[in-house]
2 protein chains.
Amino acid sequence: MKSEDFDGIMAGLTDAVAYAKGDAMRGRIVAGPDVKAIRQATKLTQGAFAKAYRIPVGTVRDWEQNRRQPDAPARVLLSLIKADPAAIQSLLDKA
Amino acid sequence: MKSEDFDGIMAGLTDAVAYAKGDAMRGRIVAGPDVKAIRQATKLTQGAFAKAYRIPVGTVRDWEQNRRQPDAPARVLLSLIKADPAAIQSLLDKA
DNA sequence: GCTGATTTACGGCATTGCCGTATAGTCGCA
DNA sequence: TGCGACTATACGGCAATGCCGTAAATCAGC
């Protein structure tokens, strides 16, 4: 198991504990798309991801920190990126 | 020339007049994506378009009426749809 | 002329988009 | 060990959008 996996598990545990305490502080337990996971799947930094898909960095940050929930159109875009990151990128470059 | 063309020309003229009068009422002269055009290229109604691409109808309406400017993530989605409507749809169905 | 479907037009509130900046963690290097 | 560069987290804050609802207008077919 890789070290990132551990981080993921810890995050999950932290959420579980927060949930048990009735403390929603860290974020919604069951929520929208996991932007961080989608981005990490592309192996890009927040900055690179933002540029690649033409989204303001600040917005990506808000999503990853669960400060803001991506709205409907944004969720569609994210699911497209998740489904086929490369295809979306090339489509974007050509456009 | 088709009748729709006339409508387009009229809209253009109306904008030009508004612009000359310094009256921005009707909308930005040079503006964001022409959502209506993008949708019509798919030959779908607002309702069908909304469902197909998982965007709330109300949002599509606001865009077409120039009441709201699609934000950055939405613009990306729209340009993807414009670039390859079919590809995006199938990607969405599979997701 | 009437009817159903599509679109336009608006009111309105909660929520997000987006920017800026300060703090913290990581890594390689002198 | 300490510095600089890079990446990510945290958060303040305002303008603007997302999204819903509904009434009026326009359109297509009977």
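Preceding block: the structure.
Presented here is a report on the structure given in the accompanying data block. (Residues numbered from 1 in each chain as written. Chains lettered and ligands numbered in written order. Predicted model: local features only at pLDDT ≥ 70, side-chain atom pairs only at ≥ 80, totals over all residues. Heavy atoms only, no water.)

## Some points on the relation of the copies chain A and chain B
Selection criterion: Superposition of the copies was done by least squares, using only C-alpha atoms of residues whose pLDDT is at least 70 in both. By definition, residues are in contact when any of their heavy atoms lie within 4.5 Å.
Of the two same-sequence chains, chain A is brought onto chain B (RMSD 0.0 Å, axial shift 0.0 Å) by a rotation of 180°. Overall, the copies show the geometry of a two-fold rotation axis. Take the interface residues of chain A: 100% of them recur as interface residues in chain B, which is what a same-surface contact looks like.

## Some points on the protein's contact with DNA strand D
Convention followed: Only a single heavy atom is needed: when it lies within 4 Å of a molecule or strand, its residue is near that molecule or strand. We call two N or O atoms a polar contact when they sit within 3.5 Å, provided that within protein one can donate a hydrogen and the other can accept it, with sequence-adjacent residues counted only if both atoms are side-chain atoms. Numbering of helices and strands runs from the N terminus; a helix is a DSSP stretch of H or I covering at least four residues, while a strand is a stretch of E covering at least two.
Taken together, 20 residues lie around DNA strand D, and Lys36(A), Gln46(A), Arg67(A), Asp62(B) and Arg68(B) are the ones closest in. Arg67(A) places a polar side-chain atom, nitrogen or oxygen, 2.8 Å from a base oxygen of DNA strand D. Interatomic distance of 3.0 Å between a side-chain N/O atom of Thr59(B) and a phosphate oxygen of DNA strand D. Of all the secondary structure elements, the ones that give two or more residues to the surface near DNA strand D are helix H2 (35-42) and helix H5 (72-83) of chain A together with helix H4 (57-64) of chain B. No other element matches the four residues that H4(B) contributes to the surface near DNA strand D.

## Some thoughts on the protein's contact with DNA strand C
Residues in close proximity to DNA strand C total 21 residues, the closest being Asp62(A), Arg68(A), Lys36(B), Gln46(B) and Arg67(B). Taking the atoms of DNA strand C that fall within 4 Å of the protein, sugar and phosphate contribute 47% of them. For DNA strand C, a base oxygen lies 2.9 Å from a polar atom in the side chain of Arg61(A). Take Asp62(A): an N or O atom from its side chain is 2.6 Å from a base nitrogen of DNA strand C. Where the surface near DNA strand C is concerned, the elements lending two or more residues are helix H4 (57-64) of chain A together with helix H2 (35-41), H4 and helix H5 (72-83) of chain B.

## Side note on the pattern of salt bridges
Heads up, the condition is: Note on definitions: salt bridges are taken to be side-chain nitrogens of Lys or Arg within 4 Å of carboxyl oxygens of Asp or Glu. Three exposure classes are used, based on accessible area relative to the maximum for each residue type with a 1.4 Å probe and protein chains only: buried under 20%, partly exposed in between, and exposed over 50%.
The tally for this structure, following the rule as stated, stands at four salt bridges over all chains. Here Glu64(A) ties to Arg39(A) by a salt bridge, and the two come within 2.4 Å at their closest N and O atoms. You can see Glu64(A) sitting in helix H4 and its partner Arg39(A) sitting in helix H2, a full 25 residues away along the chain. Overall, Glu64(A) belongs to the buried group, its relative accessible area being 12%. A salt bridge links Arg67(B) to Asp62(B), with the nearest nitrogen and oxygen atoms 3.7 Å apart. Looking at Arg67(B), the relative accessible area reads 54%, which means it is exposed.

## Structural notes on the interface of chain A and chain B
Heads up, the rule is: A simple way to read buried area is as the amount of 1.4 Å-probe accessible surface that goes missing from two parts once joined, with both sides added. Three classes are used: nonpolar for Ala, Val, Leu, Ile, Met, Phe, Trp, Tyr, Cys and Pro, charged for Asp, Glu, Lys and Arg, and polar for all others, with Gly counted as polar.
Tallying the contact residues gives 18 residues for chain A and 18 residues for chain B. Regarding the contact of chain A and chain B, the summed buried area is about 1400 Å², with carbon and sulfur atoms giving 86% of it. For chain A, the biggest contributors to the area lost against chain B are Pro73(A), Leu80(A) and Leu91(A); these three give 35% of the whole. In this assembly, chain A and chain B are joined by zero salt bridges. Applying the counting rule to chain A against chain B returns zero residue pairs in polar contact (both at pLDDT 80 or more). Only H5 and helix H6 (85-94) of chain A provide two or more residues apiece to the side of chain A that touches chain B. For the side of chain A that touches chain B, the leading source of residues is H5(A), giving eight residues. Considering only residue class, the side of chain A that touches chain B consists of 14 nonpolar, one polar and three charged.

## Things to note about helix H6 (residues 85-94) of chain B
What counts, and what does not: The arc refers to the directions leading from the helix axis to the C-beta atoms.
Within the sequence span of H6(B), burial applies to Ile88(B), Leu91(B) and Leu92(B). One face of H6(B) carries all of its buried residues, which in axial projection span an arc of 100°. Facing away from the buried side of H6(B), by more than 90 degrees, are the exposed residues Ala86(B), Asp93(B) and Lys94(B). Buried residues in H6(B) make contact with H5 and H6 of chain A together with helix H3 (46-52) and H5 of chain B.

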